Amino acid sequence: MGVTVLQPYPLPEGKSGAYIIDHLSKRLLSLGATHAGQFLVDCETFISTPQHGGAPSRAVHVLHNSEYPASTFSIIDNGTGKQVSLVADNIFDLLMLKMTATFASKKQTKIESRGARFEYGDFVIKLGSVTMMEHFKGILIEIEYKSCVILSYCWEMIREMLQGFLGMQVPKDYPNYFTTQTIMNAMGQQQLLHAKHNDLYEPMDTVKQYLEQFTNYRKHVNVHVGGAAGVSVQPIHMPPSSIVGVGVGMGRP
Amino acid sequence: MSANSVNISVETTCENQIREIGYDGTELYQPPPTLSESLAKCAARIDFSKTSLDDLKKEEKSATEAEESRDKDGNQFQESLWPWDAVRNKLKDAFTEICVLSDVISIAKDKRYLVLDPLLEDGDDTKPIVQVYSRKKAISQAAQVLLGGAERLRNAHSEQRSRNISDFHIELLRLRQNWRLKKVSNAIIGDLSYRTAGSKFNMSGTFEVTKAEELADDDQLQGQNSSSSSSSTANGMPIKAASALRVIVPAELQGVAYIKVITQKDQEDLCSAQVNLMGHGPNITAQVGVWQKTLEFAQNVLFCKELFAQLAREAIQLQAPIPHVVIGNQIRATLLPNIQLIISLCHSTTFDSSQPAPINDHDHVLEHSLHQLLREVHYKNSHHPFPHPSSAPLGPSKKRMMAGPMAADRETLMDMTKSQTILEQIIAQAQHIFMRKRTQYVLDTLARDVKDPQIVSHWNAMNSPTMSCVKINIVTHGYDAIGRTSLVIHVKERSLKCICRDGRVMRLSYEPQELRDLILCQINSHQISCLVSLARCMAWTVLSNSNHLGIGKVEPLGNASSCLLASPNGDRMIAVQIRCDPQIDVKVYIAKSPRQDFFPNPLVPEKLWENLGGSFKEVRFDKIEGKSFLNKMEFLMASLTSNTA
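For chain B, the Sequence similarities (unreviewed entry) comment in UniProt is given as "Belongs to the Mediator complex subunit 17 family." Per UniProt, chain B has the following entry under Subcellular location (unreviewed entry): "Nucleus".

As recorded in an unreviewed UniProt entry, chain A goes by the name Mediator of RNA polymerase II transcription subunit 20, listed as coming from Drosophila willistoni. Note on chain A: under the UniProt heading Subunit (unreviewed entry), the record states "Component of the Mediator complex." What UniProt states about chain A under its Sequence similarities (unreviewed entry) heading is, verbatim, "Belongs to the Mediator complex subunit 20 family."

As structure tokens, this is what we get:
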């Protein structure tokens, strides 16, 4: 279990997701990586039923990661950006089924990232296509460096690796998840979260990154559909690549 | 009944008493008393002591009764009698008794047929002396009973002490303290198997306990001794008294068994081991009797049989590159090419007093390991980790239960499912023992043969059954502070891993030659690196050094290393080349500047070119004074350093 970084890959115009995945897999295989199975990360969201007193509705996200098959990850979002996370046994899913009185499942927003898994020395690279209810949303690339557990020690190497096989520029700063983020705390003030690039990396961090990316994909749906009110207030910072990348045509060698 | 009249109903108010209120609020009313009940109520109020009024009331009552009874039907009349019936009977009885009493008194007054005599009163209390006598008699009778019992006990006790043979029951008590016994109909059956400790072996380990036969005369006594204390003759000690009980063990568990483990290399014994649960020598205390040893031997036989059966089963099921061979009571497994591990079950049922002494050079470690491995299997069978929470399934180990909340990844989960059989484990341990012995042998012979830098090896005191570590220091005597080459070698089951000080990791196979070559190469580089440090101490300049010199003949082993030194004032140069083919071969050359043999010639006319050094002359290094290479180099450098500034 090492440092894992998620990199959304911007889709160029005119090319389908399957073509991109195929293209990237060929590049990885020619580099010398070996195909090592499939992976799946999925996320299901439960919204709490509206209560008296006008308390904001809370969302419970339940995620699974095939890299940790014995665990179920769960994150509670209470609308102000504060998240409470939990790692539990797989039996947690059955527990959620019992909670239908308090939480309603929103099947429409079940989102997953699925694809092939490649092992290349100390790296594990996963090319995932993100789908929500059978609609293709984008491509997420996950890269894990197994030998290191602190991002600041190996960020440069991961960046070099990514640039090498993706063929696109990766910004020098740490990914958004690892830098300081501002959230609204309970009193309505902005509060800076502690920067994570010097902390020990945990499997929960991978899952939180996935949740962040999935939420972005969901918001794009909302924006495209017609601006239906968002489900929850998200952190103010948006990862620059996911928005900017959509419009920029990538000139690749 | 005319249309204008109004029907009026008159009802009593329902003022009945509530008898009971149901749980749902319904009220049960006591029905109003029937007329007969009210009559009984009134009759009960009659006080028969008042006679004058009684008759009056009686007449009244009877009158009302007659009135009412006429209104009712026959049944009612009958029922109204019942409350009176008791009263009437009682009156009748009383009247009868009074009549009888008056008759008796009148007859007694006549004194012709009946006389009344006064009752004799009891006399005064008996005299105290009578009481004393009666109590004394009672107590003496009780004393008689107690004395009789005590006499009997004393007789039994003295009888016991006079006999040499201990009581059956005492022996049984001792037996029961050590072994599990139970009574089945008339016989006493015991269990010496490991079933309650977690074993799943089919062979039953039940034995029977019986009383020893009565001893008629001395000959029979001797015969009894030899037959019932059969296993004790192994000690050579004569047992004076046979025990009062005899244990009968099943035929297949009689005798003595042990498991012999031998590592064989091409028919030669390298090391051997013996599994034997018994302590050697006369450890058995005489107090517990001869049956203890019999039972312990039988239990040992059972344990060895179970162990061997388990190993044989695994040997057949396991897929090894060279298949294991099971013949009769022997299992052959291959550890390394030409090295075999032979495990055999030796079960001897004949009791010869000259039992062979245990093999003196056997290895206790493998013996103990086999014993521990089977006990570990037993333990896992009987102890299951308790799940937290208690509703979780019973079965997965604690590590597996924590794998979910701790986000264990796939490799960890896969590793949890792998488990090794006893045979695999003992093969791994035997392989490791063999590798360790071989590595020790290589290091020791190298340390003996190579005198110049000294090879010091420190083995870790703590190691696991399948891995040991050794740290090797290569130092030159007298120059420890100058430099030292260290490396760590991890000895595993079939391979070695060598980690050098600069971080290089090399993996070697089980061939001893590879380790030897590695150490020789390390010696090579040690000499040069120490020489470089020594030169600095002597103020000589290191012009260049190289660990992988690519000149000269191709070396059969490693690479040649070299070093080029210049004296403090630059007029002398030393070139050293060390090769490894396979003895360490040192060549030293020196050059002088200015050259002695430079003569100006038309091609190179100026005299100043004599300062260009370069003609090296070889030094007969073996003739130089000095205990070691570094010592000789130090002397050489010292002699070549000139005084001029």
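Structure shown, so let's carry the discussion forward.
Enquirer: Just to check I follow, could you spell out the interface of chain A and chain B for this structure?
Expert: It is common to report an interface's size as the accessible area lost on association of the parts. Taken together, the contact pairs 15 residues of chain A with 10 residues of chain B. Counting the surface lost from both chain A and chain B, the interface buries some 900 Å², and carbon and sulfur atoms represent 52% of this. The interface formed by chain A and chain B contains 0 salt bridges. At the level of elements, β2 (34–48), β4 (71–77) and β5 (83–89) of chain A are the ones that each hand at least two residues to the side of chain A that touches chain B. With 3 residues, β5(A) is the single largest residue contributor to the side of chain A that touches chain B. Split by residue class, the side of chain A that touches chain B holds 9 nonpolar, 3 polar and 3 charged.

Enquirer: What should I look at first to understand the sheet that holds strand β6 (residues 245–248) of chain B in this one?
Expert: Two pairing modes exist for strands in a sheet, parallel and antiparallel, and in both the strands are linked by backbone hydrogen bonds. All names here are of chain B. Strands sit in the order β3-β4-β5-β6 across an open sheet of 4 strands; the sheet is antiparallel. Of all strands in the sheet, those bounded by a partner on one side alone are β3 (180–184) and β6. With direction set aside, neighbouring strand axes in the sheet form an average angle of 30°. As defined by bridge partners, strand β4 (residues 187–191) adjoins strand β5 (residues 206–211) across 4 bridges and the pair is classed as antiparallel. Note on β5: the bridge partner recorded for Ile188 is Val209. Contacting β3, β4, β5 and β6, helix α5 (residues 168–178) runs over the sheet at an angle of about 45° to β6.

Enquirer: Where do I start with a nonpolar patch on the surface in this structure?
Expert: Taken together, the side chains of Val100(B), Val104(B), Ile107(B), Tyr113(B) and Leu114(B) define a hydrophobic patch exposed on the protein surface, amounting to about 460 Å² of accessible area. Note on placement: Val104(B) falls in helix α3 (residues 74–110).

Enquirer: Sorry if this is basic, but what is going on with the pattern of salt bridges here?
Expert: Any two side chains of opposite charge can pair, so long as their charged atoms come close to each other. Residue and element names in this part refer to chain A. The full count for this structure, using the stated rule, is 18 salt bridges over all chains. Between Lys110 and Glu44 there is a salt bridge whose closest N-O contact spans 3.9 Å. Placement of the pair is Lys110 in the loop between β6 (103–105) and β7 (111–120) and Glu44 in strand β2, with a sequence separation of 66 residues. Taking relative accessible area as the criterion, Lys110 reaches 32% and is therefore assigned partly exposed.

Enquirer: Hey, could you run me through α5(B) in this one?
Expert: Residues and elements named next belong to chain B. Here α5 has its buried residues at Phe168, Glu171, Leu172 and Leu175. Axial view of α5: buried residues confined to an arc of 100°, hence all on one face. In this structure, α5 carries His169 and Gln177 as exposed residues pointing more than 90 degrees from its buried face. Residues of α5 that are buried make contact with β3, β4, β5, β6 and α7 (290–317).

Enquirer: So what exactly am I meant to see when it comes to the sheet that holds strand β18 (residues 560–566) of chain B here?
Expert: Residues and elements named next belong to chain B. Read from one edge to the other, the open sheet built from 5 strands follows the order β17-β18-β19-β20-β21, with strand pairing classed as antiparallel. Since the sheet does not close on itself, it has two edges, and those belong to β17 (541–549) and β21 (617–619), each with one partner. Strand-to-strand twist in this sheet, taken as the mean axis angle between neighbours without regard to direction, amounts to 20°. When strand β19 (residues 572–580) meets strand β20 (residues 584–592), the two strands line up antiparallel, connected through 9 bridges. Considered in β20, the bridge of Arg579 is made with Asp585. Packed on one face of the sheet, helix α13 (residues 629–640) meets β18, β19 and β20 and runs near 165° to β19.

Enquirer: It is not clear to me how the packing of aromatic side chains should be interpreted in this structure. Could you clarify?
Expert: Each aromatic ring pair is summarised here by two numbers: the centre-to-centre distance and the angle between the ring planes. All names here are of chain A. This structure, assessed with the given rule, holds 9 aromatic pairs over all chains. With a centroid separation of 6.2 Å and an interplanar angle of 35°, the aromatic rings of Phe178 and Tyr201 are classed as tilted. Taken together, the positions of Phe178 in the loop between α3 (151–166) and β10 (182–184) and Tyr201 in the loop between β11 (190–192) and α4 (203–225) put the pair 23 residues apart, joining distant regions of the chain. Of the residues examined, Phe178 reaches a relative accessible area of 1% and is grouped as buried. Owing to a relative accessible area of 4%, Tyr201 belongs among the buried residues under this scheme.

Enquirer: Explanation requested: the pairing of strand β14 (residues 485–491) of chain B in the structure shown.
Expert: Within a regular strand, side chains alternate between the sheet's two faces. All names here are of chain B. With 6 of 7 residues buried, β14 is to be regarded as a mostly interior element. In terms of strand pairing, strand β13 (residues 468–476) meets β14 through 7 bridges, oriented antiparallel. Bridged to Ile472 within β14 is Leu487.

Enquirer: Would you explain the confidence of the model for chain B in this entry?
Expert: As a general rule, the predicted coordinates of low-pLDDT regions are not to be interpreted in detail. All names here are of chain B. When the pLDDT values of chain B are averaged, the result is 81; 81% of them are 70 or greater. Low confidence marks residues 215–241, where pLDDT is under 50. Its contacts with residues over four positions away, or in another chain, come to 29 contacts. Low pLDDT, under 50, characterises residues 277–287; the predicted model gives this stretch 11 contacts beyond four residues in sequence or across chains. This complex was scored by the predictor with a pTM of 0.64 and an ipTM of 0.73.

Enquirer: For this particular structure, what's the right way to read the environment of His61(A)?
Expert: All names here are of chain A. Among the structural elements, His61 can be located in strand β3 (residues 59–65). Considering only alpha carbons, one finds His61 and Ile76, 15 residues apart in sequence, at a separation of 6.3 Å. In contact with His61, other than residues within four places in its own chain, are Cys43, Glu44, Thr45, Phe73, Ser74, Ile75, Asp77, Leu211 and Arg218. Here the side chain of His61 touches Thr45 through a polar contact of 3.3 Å, side chain to side chain.

Enquirer: Help me understand the packing of helix α1 (residues 17–31) of chain A against α3(A), please; the structure alone is not making it clear to me.
Expert: Relative placement of two packed helices is described by the angle separating their axes and the distance separating the axes. Residues and elements named next belong to chain A. α3 packs onto α1 with a crossing angle of 115° between their chain directions and a minimal axis gap of 9 Å. Taken together, the axes of α1 and α3 are roughly perpendicular relative to one another. Where α1 approaches α3, its residues Leu24, Arg27, Leu28 and Leu31 are matched on the opposing element by Gly164, Phe165 and Leu166.

Enquirer: I would appreciate a short explanation of the environment of Thr476(B) in the present structure.
Expert: Residues and elements named next belong to chain B. Counting through the fold element by element, Thr476 comes out in strand β13. Look at Thr476 and you get buried, because its relative accessible area is 0%. With 154 residues separating them along the chain, Thr476 and Leu630 place their C-alpha atoms 7.5 Å apart. Setting aside its immediate chain neighbours within four residues, Thr476 contacts Asp452, Pro453, His526, Gln527, Ser628 and Leu630. Separated by 3.2 Å, the side chains of Thr476 and His526 make a polar contact.

Criteria and cut-off values
Here the residue index of a chain counts from 1 through its sequence in written order. Lettering of chains starts at A and numbering of ligands starts at 1, both following the order in which they are written. Where totals are concerned, whole chains, interfaces and linings use all residues; where local detail is concerned, this predicted model gives features only for residues with pLDDT of at least 70, and gives and counts side-chain atom pairs only at 80 or more. With hydrogens and water excluded, all non-hydrogen atoms of the structure serve as input to the side-chain values. UniProt positions are given in the numbering used here, feature names are shortened, and annotations may be inferred rather than shown by experiment. Every residue pair with non-hydrogen atoms within 4.5 Å of one another is taken to be in contact. Here's the idea: put two parts together, see how much 1.4 Å probe accessible area each one loses, and the total over both is what we call buried area. When a carboxyl oxygen of Asp or Glu lies within 4 Å of a side-chain nitrogen of Lys or Arg, that pair is called a salt bridge. Only DSSP runs of H or I with at least four residues qualify as helices, and only runs of E with at least two residues qualify as strands; both kinds are numbered from the N terminus onward. Charged means Asp, Glu, Lys or Arg here, nonpolar means Ala, Val, Leu, Ile, Met, Phe, Trp, Tyr, Cys or Pro, and polar covers whatever is left, Gly included. Any two strands are treated as partners once DSSP identifies two or more bridges connecting them. Orientation is described by lines fitted to C-alpha atoms, with helices fitted over the stretch in contact, and by angles between N-to-C directions that extend from 0 to 180 degrees. Exposure above 30% relative accessible area and the absence of a salt bridge qualify a residue for a patch, where like charges join within 9 Å and nonpolar side chains (Val, Leu, Ile, Met, Phe, Trp, Tyr) within 5 Å. The Shrake-Rupley method, run with a 1.4 Å probe sphere, supplies the accessible areas, and residue values consider only the shown protein chains as cover. Only protein chains enter the accessibility calculation, which uses a 1.4 Å probe; a residue whose area is less than 20% of its type maximum is buried, one above 50% is exposed, and one in between is partly exposed. The directions considered for the arc are those from the helix axis to the C-beta atoms. For Phe, Tyr and Trp, where Trp contributes only its six-membered ring, two rings pair if their centres lie within 6.5 Å, and the inter-plane angle classes them as stacked under 30 degrees, edge-to-face over 60, or tilted in between. As a per-residue quantity, pLDDT reports the predictor's confidence and falls between 0 and 100. Residues adjacent in sequence count toward polar contacts only when both atoms are side-chain atoms; beyond that, a polar contact is any pair of N or O atoms within 3.5 Å, and within protein one must be able to donate a hydrogen and the other to accept it. For classification purposes, angles smaller than 35 degrees are called roughly parallel, those larger than 145 roughly antiparallel, those between 65 and 115 roughly perpendicular, and all remaining angles oblique.

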